[in-house]
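The chain contents come next:
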2 protein chains.
Amino acid sequence: MKDEAGFTGKPHEDLAALLAGEMAAVDALIKARMASKNAPRIPEVTAHLVEAGGKRLRPLLTLASARLCGYDGPYHVHLAATVEFIHTATLLHDDVVDESAQRRGRPTANLMWDNKSSVLVGDYLFSRSFQLMVETGSLRVLDILANAAATIAEGEVLQLTASQDLKTDESIYMQVIRGKTAALFAAATEVGGVIAAAPEAHVTALRDYGDALGISFQIVDDYLDYSGTSGNMGKNTGDDFRERKLTLPLIKAVAAADATERAFWKRVIEDGKQVAGDLDHALELLARHDALAATRADAVYWSMQAKAAISGLPDSKIRRLLTGIADYVVARVA
Amino acid sequence: MKDEAGFTGKPHEDLAALLAGEMAAVDALIKARMASKNAPRIPEVTAHLVEAGGKRLRPLLTLASARLCGYDGPYHVHLAATVEFIHTATLLHDDVVDESAQRRGRPTANLMWDNKSSVLVGDYLFSRSFQLMVETGSLRVLDILANAAATIAEGEVLQLTASQDLKTDESIYMQVIRGKTAALFAAATEVGGVIAAAPEAHVTALRDYGDALGISFQIVDDYLDYSGTSGNMGKNTGDDFRERKLTLPLIKAVAAADATERAFWKRVIEDGKQVAGDLDHALELLARHDALAATRADAVYWSMQAKAAISGLPDSKIRRLLTGIADYVVARVA
């Protein structure tokens, strides 16, 4: 349903419609660059992922940031494709690491082919992303994306050791999600401003927006894992619990736990000895300590930070849609 | 044992001695950049690999190429560390893909920790390599290394599908080894010339040298897998056979096979149904068709190509040592 201005009420869809021509160029570039004439396994795996769609939120943020800053050159399209390639490469490797069977409601590549293909095709996409960004000729863009890539990998490794350790607190959790999610959001928006040669204050505003939006986005994701609805496609309630991942809701419940509750968390998360009924008991403990409500409040706080970051930028339709996206992310948990 | 000029007769060791100060700087940079204050698993894994040593041949080639072209700035050290990081990252991922248990005579990281750590720490090292090369500020260097990274990943994926397929011929084999080995050798020498702002003809000569040396090096490696001696540390005769990898010796034997032999190769490689005595029979077939001698001849051919590539460069001690390295690579199979 659209209102009189032609908007759907979903700001990311409205933004995609506003930038439809450029999004089509990004899609075409992604399809061209994910191919390989020498290794036919590569397009098989990448097509499986790319056809599954996904929201293409990260490339959209890059295009929007560049256009917001008045960019009229061609390279925001390269950067948007770069960001999506990095994202896709990390998904391929994450699914190997998590031993996942489903992604976006379809079997994962590691299940359809094997872990080997997921590891190596991920490497291929990462190197392709690197070629794309070199084509922009901007050393500053390369620096931002190289730093983001290192932060992402570091966050993923930290998650490996931290996620099953009851000593993991909110500050470690923030490091993990800044790495696994916010670093790429922040780079996606920052490089949009940089390629447009925007004033430093605008570049900083865009980076801070992406960082806060990414944090909010990931907290919502972790929240929904314990209160999933039909809007939460391709993921089931309790996946993180079964994978013994200490995300924000659990961290809050563990911090408030008495000795008996602590023993429960130790058994199910650290020792991994889960039995029938444990998820229900975990949900009871989350409710007892208002852990989900507190998690939602944190998501809303970061959404507000995102909006505040760009509130000083000149008013424009794109800026209003970016603000709308920050609202929309937390509307999923309203 | 050293001769009167202080040389050991092993040209890579002599070159390392000649460039000892810069190699120490490369080692220090590698140690500094492989660290991570946030994720302690990272230095654990990287220290395991870096302490195991290895020949550091690739960074040595970068330093030597830059010095050969008269470079006196600091960035060949960054590039040498970059090249070693890319190499180490691919080793970590290769060991996951090959399910290897040993590397350089020690247990592999995937065995010491797990596949997850190997995948993610590999990603981390790759992103660190990327940061290092950005610091050089040379877009041309970035372009060369981005292309090399894509060729490496493509070669690895191609190997996945080609290595157990009897249709794989020598031209596909060349694509695979250019990817898995020669691309990084070629980039290592080329960026040395580029950072030194050498004349184009010198840059091309260095790249061609690295390419041919890498090809020769890999053919020798594949040869030694069927005629291993004590000099071939950490690898056992027949590893490739047991892993059903169609390398050059087998490709030559398959090309000359009669129907009975073909059925044997199909069973042991394509179908993977190996029984006791199969490796001995494979060695008999290699001997029957002179496949090892022909493989060695190819290695010698590429060693000569490597020497020819740099024969037109001004005479210098470093050039003579690079020529010596090309000889030394094939001396392992003399």
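Computed from a predicted model, the values in this text were never measured in an experiment. Residue indices follow the written sequence of each chain, beginning from 1 at its first position. Just so you know, chain letters begin at A and ligand numbers begin at 1, following the order they were written in. Only residues with pLDDT of at least 70 are given local features in this predicted model, and only at 80 or more are side-chain atom pairs given and counted; all residues enter the totals for whole chains, interfaces and linings.

1. As for the overall build of chain A
Condition: Here a helix means four or more residues in a row that DSSP labels H or I, a strand means two or more in a row labelled E, and each is numbered from the N terminus. Both definitions apply: the radius of gyration is a C-alpha atom measure, and the globule rule equals 2.2 Å times residues to the power 0.38. With C-beta atoms placed from the backbone, a residue is labelled by how many other C-beta atoms lie within 10 Å of its own: buried for 20 or more, exposed for 12 or fewer, partly exposed between the two. Here the contact rule is simple: place C-beta atoms from the backbone, and any two residues whose C-beta atoms are within 7 Å are in contact.
A tally of helices and strands in chain A yields 16 helices and two strands. For 334 residues, the compact-globule estimate of 2.2 N^0.38 gives 20 Å, and chain A sits close to it at 20 Å. By its C-alpha atoms, chain A is 60 × 50 × 40 Å across when sized along the principal axes. When each of the 334 residues of chain A is scored for burial, the buried share is 52%. Sequence-distant contacts, at least 24 apart, represent 74% of the contacts inside chain A between residues at least 6 apart.

2. Topic: the relation of the copies chain B and chain A
The condition is simple: For the least-squares superposition of copies, only C-alpha atoms count, and only for residues with pLDDT at least 70 in both.
Superposing chain B onto chain A takes a rotation of 180° combined with a translation of 0.0 Å along the rotation axis, leaving an RMSD of 0.0 Å. The relationship between the two copies is best expressed as a two-fold rotation axis.

3. Points about the nonpolar core
Where we set the bar: To define a nonpolar core, we join buried Ala, Val, Leu, Ile, Met, Phe, Trp, Tyr and Cys residues through C-beta atoms within 7 Å and take the resulting set.
Ranked by internal contacts, the top residues of the largest apolar core, which has 213 residues, are Leu145(A) and Leu145(B). At 14 residues, the largest contribution of residues to this core is made by helix H8 (residues 139-162) of chain A. Leave out the neighbours within four places in its chain, and Leu145(A) touches Thr82(A), Met133(A), Ala187(A) and Val191(A).

4. Concerning the packing of helix H4 (residues 57-68) of chain B against helix H16 (residues 317-331) of chain B
Residues and elements named next belong to chain B. Short version of the rule: For helices, the axis comes from a line fit to the C-alpha atoms of the stretch in contact; other axes are also lines fit to C-alpha atoms, and the angle between any two N-to-C directions lies between 0 and 180 degrees. For a crossing to be left-handed, the near helix must be turned anticlockwise from the far one by less than a right angle; the clockwise case is right-handed. For this classification, the nonpolar set comprises Ala, Val, Leu, Ile, Met, Phe, Trp, Tyr, Cys and Pro, the charged set comprises Asp, Glu, Lys and Arg, and every other residue, Gly included, is treated as polar.
The interhelical angle for the contact between H4 and H16, taken along N-to-C directions, is 145°, at an axis separation of 9 Å. Here H4 and H16 pass one another in a crossing that is left-handed. For the pair H4 and H16, the contacting residues are Ala 64, Arg 67 and Leu 68 in the first and Ile 318, Arg 319 and Leu 322 in the second. Classifying every residue of the contact of H4 with H16 gives four nonpolar, no polar and two charged.

5. Some remarks on helix H10 (residues 200-224) of chain B
To keep it simple, the criterion reads: A helix's residues, less one, multiplied by 1.5 Å, set its expected span.
Helix length check: H10(B) (25 residues) gives 36 Å between terminal C-alpha atoms against 36 Å at 1.5 Å per residue, within 8%. Counting buried residues along H10(B), 20 of its 25 residues qualify, which places the element largely inside the surrounding structure.

6. Quick word on the interface of chain B and chain A
With 37 residues of chain B in contact, the opposing surface of chain A contributes 37 residues. Broken down by secondary-structure element, the contributors of at least two residues to the side of chain B that touches chain A are helix H3 (41-51), helix H5 (75-98), helix H7 (115-135) and helix H8 (139-162) of chain B. Considering every element that reaches the side of chain B that touches chain A, the biggest residue donor is H8(B), with 14 residues. For the side of chain B that touches chain A, a count of residues per class yields 20 nonpolar, ten polar and seven charged.

7. Some points on the environment of Ala153(A)
Among the structural elements, Ala153(A) can be located in helix H8. A count of 30 C-beta atoms within 10 Å places Ala153(A) in the buried class. Separated by 131 residues in sequence, Ala153(A) and Glu22(A) place their C-alpha atoms 29 Å apart. In this structure, Ala153(A) is in contact with Leu120(B), Asp123(B), Tyr124(B) and Ser127(B), ignoring residues within four places of it in sequence.

8. Points about the environment of Asp72(B)
Residue and element names in this part refer to chain B. Here Asp 72 is to be found in the loop between H4 and H5. We classify Asp 72 as exposed; it has 8 C-beta atoms within 10 Å. Each C-alpha atom, one on Asp 72 and one on Ala 196, is 7.9 Å from the other, the two residues being 124 residues apart in sequence.

9. Details of unusual backbone geometry
A negative phi angle is the norm for most residues apart from glycine, just as the trans form is the norm for most peptide bonds. The backbone phi angle of Asp290(A) is positive, close to 55°, even though this residue is not glycine. Along the chain, Asp290(A) turns up in the loop between helix H14 (278-288) and helix H15 (291-309). We classify Asp290(A) as partly exposed; it has 14 C-beta atoms within 10 Å. Of note, the phi angle at Arg244(B) is positive, near 60°, even though the residue is not glycine. By the secondary structure assignment, Arg244(B) is in the loop between helix H11 (239-242) and helix H12 (248-255).

10. Side note on the packing of helix H5 (residues 75-98) of chain A against helix H7 (residues 115-135) of chain A
Residue and element names in this part refer to chain A. Stated formally: Here the angle decides the label: under 35 degrees means roughly parallel, over 145 means roughly antiparallel, 65 to 115 means roughly perpendicular, and every other value means oblique.
Put simply, H5 and H7 touch, their axes get as near as 8 Å, and they point 160° apart. One element, H5, and the other, H7, form an angle in the roughly antiparallel class. Pair H5 / H7 crosses with left-handed handedness. Residues His 78, Leu 79, Ala 81, Thr 82, Phe 85, Ile 86, Thr 88, Ala 89, Leu 92, His 93, Asp 95 and Val 96 of H5 touch H7, and the partners they reach there are Asn 115, Ser 118, Val 119, Val 121, Gly 122, Leu 125, Phe 126, Arg 128, Ser 129, Leu 132, Met 133 and Glu 135.

11. A few points about the environment of Gly324(A)
All names here are of chain A. Here Gly 324 is to be found in helix H16 (residues 317-331). With 19 C-beta atoms packed within 10 Å, Gly 324 lands in the partly exposed category. Counting along the chain gives 313 residues from Gly 324 to Pro 11, while the straight-line C-alpha distance between them is 5.5 Å.

12. Digging into helix H1 (residues 11-18) of chain A
Looking only at H1(A), the buried set comprises Pro11(A), His12(A), Asp14(A), Leu15(A) and Ala16(A). In this structure, the buried side of H1(A) is in contact with helix H2 (20-33), helix H4 (57-68) and H16 of chain A.

13. Focus on the confidence of the model for chain A
Residues and elements named next belong to chain A. What counts, and what does not: On a scale of 0 to 100, pLDDT captures the predictor's confidence in every residue.
This prediction gives chain A a mean pLDDT of 90; 91% of its residues lie at or above 70. Between residues 230-234, whose pLDDT stays under 50, and residues either more than four places distant or in other chains, the model counts seven contacts. Across the whole predicted complex the pTM is 0.91, and at the interface the ipTM reaches 0.89.

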